[in-house]
Amino acid sequence: QVQLAESGGGLMQAGGSLRLSCAASGGTSSNYDVGWFRRAPGKEREFVTAMTWSGNKAYYADSVKGRFTISRDTAKNTVYLQMNSLKPEDTAVYYCAARSRTFLPASMPATYFYWGQGTQVTVSS
């Protein structure tokens with residue numbers, strides 16, 4: 001049973017940076033992929049980024065490519081989302097999620113079985 005807990009959200013002005021953390025417990029391994037998704041008010045959940053737990057592959061939504069970076073510290077069982085050049089449209093609740101390795105696209109939220117509780121990111125203009 002994998003448990004995920006996000007932290008690091010908050011209020012930031014446009015152009016600023018935030019780093020989100022996702023602490024994993026209960027059995028993460030190199031057989032897992034870890035992703036970040038977000039849900040803005042009135043919108044559907046949206047893929048942000050994902051990586052294999054081994055770290056050899058990462059995927060990004062076009063809307064965040066070049067601004068956001070996913071990384072992980074395997075010793076701490078923690079995945080990070082570094083968000084730079086934040087925009088008001090990045091405002092959302094951010095969730096980390098984990099799934100067993102699969103050939104299905106990393107952008108599919110239905111393939112992720114484990115989810116954190118979410119952390120709010122608000123970007124003011």
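Everything below is about the structure shown above.
Notes on the structure in this doc start here. Note that the structure is predicted; figures quoted are calculated from it, not measured. The residue numbering used here restarts from 1 in each chain and proceeds along that chain's sequence as written. Totals for whole chains, interfaces and linings use all residues, but because this is a predicted model, local features are given only for residues with pLDDT of at least 70 and pairs of side-chain atoms are given and counted only at 80 or more. Here the side-chain values reflect all heavy atoms present in the structure, with hydrogen atoms and water set aside.

**Some thoughts on the packing of aromatic side chains**
- Planes of paired rings set the category: under 30 degrees apart is stacked, over 60 is edge-to-face and the rest tilted, where pairs are Phe, Tyr or Trp rings (Trp by its six-membered ring) whose centres lie within 6.5 Å. Inspection of every chain in the model, using the stated rule, returns 6 aromatic pairs.
- Geometrically, the ring pair formed by phenylalanine 37 and tyrosine 112 is edge-to-face, given 5.1 Å between the ring centres and 75° between the ring planes. Of this pair, phenylalanine 37 sits in strand E4 (residues 32-39) while tyrosine 112 is found in the loop between strand E9 (92-100) and strand E10 (114-115), placing the two residues 75 residues apart along the sequence.
- Accessibility here uses a 1.4 Å probe with only protein chains present; expressed as a share of the type maximum, an area under 20% marks a residue as buried, one over 50% as exposed, and anything in between as partly exposed. By relative accessible area, which is 1% here, phenylalanine 37 ends up buried.
- With relative accessibility at 4%, the residue tyrosine 112 sits in the buried group.
- The rings of Phe37, Phe47, Tyr112 and Trp115 are connected pair by pair, giving a single aromatic cluster.
- Counting as a charge over the ring demands two things of the Lys NZ or Arg CZ atom: a distance within 6 Å of the ring centre and an angle within 35 degrees of the ring normal. Stacked on the ring of tryptophan 115, the Lys or Arg arginine 45 has its end atom at 4.4 Å from the ring centre. What counts as a helix is a DSSP run of H or I of at least four residues, what counts as a strand is a run of E of at least two, and both are numbered from the N terminus.

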